[in-house]
Amino acid sequence: MSTGTSTGTDAEVELAIGGMTCASCAARIEKKLNRMDGVTATVNYATEKAKVSYSGDVSVGDLIATVEATGYTAQEPAPPAPRTGPSEEADELRPLRERLITAVVLSVPVVAMAMVPALQFEYWQWLSLTLAAPVVTYAAWPFHKAAFTNARHGAATMDTLISVGTSAAFLWSLWALFFGTAGTPGMTHPFELTIERTDGAGNIYLEAAAGVTAFILAGRYFEARAKRKAGAALRALLELGAKDVTVLRADGREQTVPVAELKTGDRFLVRPGEKIATDGTVEEGSSAVDASMLTGESVPVEVGAGDPVTGATINVGGRLVVRATRVGADTQLARMARLVEDAQNGKAAAQRLADRISAVFVPVVIALALGTLGFWLGNGVGLTAAFTAAVAVLVIACPCALGLATPTALMVGTGRGAQLGILIKGPEVLESTRRVDTVVLDKTGTVTTGRMTLLAVHTAEGTDEADALRLAGALEHSSEHPIARAVADGALEKLGALPAPEDFANVPGLGVQGVVEGHAVLVGRERLLADWAMRLPEGLAGARAAAEDAGRTAIAVAWDGEARAVLEVADAVKDTSAEAVRRLRALGLTPILLTGDNEAVARSVAREVGVEEVIAEVLPQDKVDVVKRLQAEGRSVAMVGDGVNDAAALAQADLGLAMGTGTDAAIEAGDLTLVRGDLRAAADAIRLARRTLGTIRSNLFWAFAYNVAALPLAASGLLTPMIAGAAMAFSSVFVVGNSLRLRTFRAAG
């Protein structure tokens, strides 16, 4: 990251942007930055960051000055750090939540009194004013502040419309109460839908001002909750690594220190079951290392002296002494965190439909209100009547249904999704589901179970399968190696119980040997048998070759001097994966299998589930490149994954679907989370998201349609408060009812 002045060469900087309230704010900052010579900028409203490439005489200070001149704040962000406490995230939303609660509690009685004549007691209008005042001032303050900032820079957004509309309604109500006839004891708003011209002196619009504020604050709150998740993928990645490490000092002493204090060249100890603290090279010992969450490779990797190991992977076997080769920001885990962040920032800012329409709608409405005022003043109807018509235009143009359109559909859609095991992160996600045409499936843990399973037992002539399983399972039960666990679990499942071995020894990198029920037993690689001068008979050799061709791990079993069985172990394909692939095809998606595993394994799994296109032996950083390449080909890509190695690709994809049974990093980087870990839920998730998007679009159409239809009445001076209130209430009821239809969504049978 560059922090100084560029001298003719291209440089890149990331800026943290503050003060944005909607997607059109991000668009305006982006436009201003891109007008600078030699500057190319992308501003992401969701992550509140700007990624800027610049050259020539431009400095970071110039970029920050341009953003500040546009009315926002900018600074170079501090590197992400692990969470300091559980309350940190909750505190971010507290001010908005407090404003929302205030608005809802105070607005409900105001709206009820205005709409139900039976509740209009003698001085009801003054109680309405008392309740509405804190809503329009304190609760709506973020809208007024944003509108003022926008006005200083000659811009108008939804905040402008909300602020102007609610302020106009409130100020007019104040005038009518104190200087008009609305403050008279016993004044009522009769429930009648008559169209007549009025001077407005007896009209109050407090329910419109309070209701609009409450509705739109609710929308902002749910949007902010979704937006808060944007940085969580980075925190999840940072928290994957080990927290402490046992360093071996020169005098042979063992000292436990925080990982942050580890230096390149330090020697550290990794015991069985511990995470490897940082990238390094093994100096002493041998073990199996489970690197599946980083590499996607389902089979644990055997390591010994001289072999490289990666930080955050798990030592599942023996004791290791490792020399640190990369620490801090240079480790593979840190590089993956940067990949996720780059992918998130590179994603185009989601231009919310309401904001795009408001860019045109807001200036038109304000111009129409001013035109209405001028027209009626010019026609000599009097200042009061002219102002009544102009204010009515602003009030009716501030659509409370618009504030409901997205959050109600999102709440019902996400609520129904949660019941079905599908979590949708926010409205921006829905746009992506409509466009996707390609779905990239991670293999390990997504299409497959992600754990080693005993799949087949081949025995030599005259050998009973139960005997082979009993003896091999008994010996492997004493080992912690994942392949050994698969054999032991498979044997226990079929036989119910296993004998205890009388003798047991681990042979590093080859297998195990021992005595079970008086038999000398060997279980492991073919080389282990060869060391004891045993060879596989022709039938078993053929079974081993076939298993390895299919990408499975073949384990030889021998006892009493003879090779007697071959066991097949592999990461088993989930029962539901083939059906899931069929459903994804039915949605018009082309499935691609993407994995860090070897080609043979990948092809075997692809054949089993019905996927034709396979991309195998892919490193984590290359997964991002594969997604980018598909996008460059014009495809809109959905990615389904569960591991840390998938996090950056999930963030880069147009739509990221994370398996809820996977790692936190993948879940946080995804747009949709499939709680059950069932790939069939991916098809249901896309169907539900598309339907929720359709509901939001129809809600937005009707929210604007009611208001646009009422604008001519308002401009004509024929709009009474009751008609305005009824139109607003009817459009809101319609939007809520339309959203509630999402509750009928059903998962495919």
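All values derive from a computational prediction rather than experimental measurement. (Residues numbered from 1 in each chain as written. Predicted model: local features only at pLDDT ≥ 70, side-chain atom pairs only at ≥ 80, totals over all residues. Heavy atoms only, no water.)

(A) Structural context of the overall build of the chain. The secondary structure content of the chain amounts to 26 helices and 26 strands. Within the chain, the fraction of its 749 residues that count as buried is 54%. Long-range pairs, those at least 24 residues apart, make up 70% of the contacts in the chain with a sequence separation of at least 6. As displayed, the chain has an accessible area near 30,800 Å², and 56% of this comes from carbon and sulfur atoms. (Helix = DSSP H or I, 4+ residues; strand = E, 2+ residues; numbered from the N terminus. Buried < 20%, exposed > 50% of the residue type's maximum accessible area, 1.4 Å probe, protein only. Contact = heavy atoms within 4.5 Å. Areas by Shrake-Rupley, 256 points an atom, 1.4 Å probe, with all protein chains shown as cover.)

(B) Geometry of the sheet that holds strand E3 (residues 49–54). The 4 strands lie next to each other as E2-E3-E1-E4, forming an open sheet whose pairing is antiparallel. Each having just a single partner strand, strand E2 (39–44) and strand E4 (73–75) make up the two edges of the open sheet. Ignoring strand direction, the axes of neighbouring strands in this sheet form an average angle of 25°. Sheet topology note: the strand E1 (residues 11–18)/E3 ladder contains 6 bridges and is antiparallel. Residue pairing in the sheet places Val 13 in a bridge with Val 52 of E3. (Pairing = 2+ DSSP bridges. Axes fitted to C-alpha atoms, helices over the stretch in contact; angles between N-to-C directions.)

(C) Quick look at the UniProt feature "transmembrane region" (unreviewed entry) in the chain. With numbering aligned to this structure, UniProt lists the feature "transmembrane region" (unreviewed entry) at residues 100–117, 123–141, 161–184, 204–222, 357–377, 383–406, 700–716 and 722–740. A distance of 28 Å separates the end C-alpha atoms of residues 123–141, which is 89% helix and 0% strand. Summarising residues 161–184: 75% helix, 0% strand, and an end-to-end C-alpha distance of 31 Å. (UniProt positions renumbered as here; feature names shortened; annotations may be inferred.)

(D) The packing of helix H4 (residues 124–139) against helix H5 (residues 141–152), seen in detail. Running from N to C, H4 and H5 cross one another at 45°; their axes reach a closest spacing of 5 Å. Considering the angle they form, H4 stands oblique to H5. Across from Val 136, Thr 137, Tyr 138 and Ala 139 in H4, the residues of H5 making contact are Trp 141, Pro 142 and His 144. (Parallel < 35°, antiparallel > 145°, perpendicular 65-115°, else oblique.)

(E) Geometry of the sheet that holds strand E14 (residues 422–424). Read from one edge to the other, the open sheet built from 7 strands follows the order E14-E26-E25-E24-E15-E22-E23, with strand pairing classed as mixed. Each edge of the open sheet carries a strand with a single partner, namely E14 and strand E23 (613–615). Averaged over all adjacent pairs, the angle separating strand axes in this sheet is 20°, with direction ignored. Relative to strand E26 (residues 672–674), strand E25 (residues 655–659) runs parallel, the two sharing 3 bridges. Pairing of Met 659 across the sheet is with Leu 674, part of E26. In the packing of helix H23 (residues 644–652) onto the sheet, contacts are made with strand E15 (438–442), strand E24 (637–641) and E25, and the angle to E24 comes to roughly 160°.

(F) Here's a closer look at the side chain of Asn 699. Along the chain, the position of Asn 699 falls in helix H25 (residues 680–715). Since its relative accessible area comes to 0%, Asn 699 is described here as buried.

(G) Broad picture of unusual backbone geometry. Positive phi, close to 60°, is recorded for Ala 533, a residue that is not glycine. If you trace the backbone, Ala 533 turns up in the loop between helix H18 (526–531) and helix H19 (538–549). Since its relative accessible area comes to 72%, Ala 533 is described here as exposed. The backbone of Glu 617 shows a phi angle near 50°, a positive value even though the residue is not glycine. Residue classification places Glu 617 among the exposed positions, given a relative accessible area of 51%.

(H) The arrangement of the nonpolar core in detail. Counting residues in each nonpolar core, the largest one holds 53 residues, and the members touching the most others are Ile 204, Leu 206, Leu 217, Val 365 and Val 393. Examining the composition of this core, we find that 10 residues originate from one element, helix H7 (residues 206–227), more than from any other. Excluding anything up to four places from it in sequence, Leu 206 contacts Val 110, Gln 125, Ser 128, Leu 129, Ala 132, Phe 170, Ser 173 and Leu 177. Listed in part, the 47 residues of the second largest apolar core include Ile 424, Val 609, Val 640 and Ala 685. (Core = buried A, V, L, I, M, F, W, Y, C linked by side-chain atoms within 4.5 Å.)

(I) Region of interest: the environment of Ala 65. Assignment of secondary structure puts Ala 65 in helix H2 (residues 60–69). Separated by 10 residues in the primary sequence, Ala 65 and Gln 75 have C-alpha atoms spaced 9.9 Å apart.

(J) Layout of helix H17 (residues 482–495). Compared with an ideal rise of 1.5 Å per residue, which puts 14 residues at 20 Å, H17 spans 20 Å between its outermost C-alpha atoms and is within 8% of the ideal. Restricting attention to buried positions, one finds in H17 the residues Ile 483, Ala 484, Ala 486, Val 487, Ala 488, Gly 490 and Ala 491. Residues of H17 that are buried sit in contact with strand E16 (448–459), helix H16 (465–476), strand E20 (553–559) and strand E21 (562–573). In the stretch just after H17, Gly 496 is the one whose phi turns positive, near 90°. (Expected span 1.5 Å × (residues − 1).)

(K) How the structure looks around the pairing of E24. Of all 5 residues in E24, 5 are buried, a share of seventy percent or more. Neither face of E24 is exposed, since Val 637, Met 639 and Gly 641 on one face and Ala 638 and Val 640 on the opposite face are all buried. When E15 meets E24, the two strands line up parallel, connected through 4 bridges. Bridge assignment links Val 439 to a residue of E24, and that residue is Ala 638.

(L) Quick look at the packing of aromatic side chains. One pass over the structure, following the stated rule, counts 5 aromatic pairs. Judged by centre distance (5.1 Å) and plane angle (80°), the rings of Phe 375 and Trp 376 are edge-to-face. Counting every residue linked through ring pairs, the aromatic cluster contains Phe 701, Trp 702 and Phe 734. (Phe/Tyr/Trp six-rings, centres within 6.5 Å; stacked < 30°, edge-to-face > 60°.)

(M) Layout of the side chain of Thr 213. By the secondary structure assignment, Thr 213 is in helix H7. When its relative accessible area of 0% is taken as the criterion, Thr 213 is described as buried. There is a polar contact of 2.8 Å between the side chain of Thr 213 and the backbone oxygen of Ala 209. Aside from chain neighbours lying at most four places away, what touches Thr 213 is Val 135, Ala 139, Ala 140, Phe 143 and Thr 166. (Polar contact = N/O pair within 3.5 Å; in protein donor to acceptor, adjacent residues only side chain to side chain.)

(N) Structural context of the pairing of strand E13 (residues 320–326). In terms of strand pairing, strand E7 (residues 267–270) meets E13 through 4 bridges, oriented antiparallel. Each bridged residue has a counterpart across the sheet, and for Phe 268 the counterpart in E13 is Val 322. By the bridge criterion, 5 bridges tie strand E8 (residues 279–284) to E13 in an arrangement that is antiparallel. What sits directly across from Thr 281, in E13, is Arg 323.

(O) Local environment of the packing of H16 against H17. Packing of H16 against H17 leaves a shortest axis separation of 8 Å and a crossing angle of 130°. If you check the angle between H16 and H17, you find them oblique. Like other packed secondary-structure pairs, H16 and H17 cross with a definite hand, here left-handed. Packed against H16, whose contacting residues are Glu 465, Ala 466, Leu 469, Arg 470, Ala 472, Gly 473 and Glu 476, the element H17 presents Ala 484, Arg 485, Val 487, Ala 488, Ala 491, Lys 494 and Leu 495 at the interface. Here the residues of the contact of H16 with H17 sort into 8 nonpolar, 1 polar and 5 charged. (Left-handed = near helix turned anticlockwise from the far one by under 90°. Nonpolar A, V, L, I, M, F, W, Y, C, P; charged D, E, K, R; others polar.)

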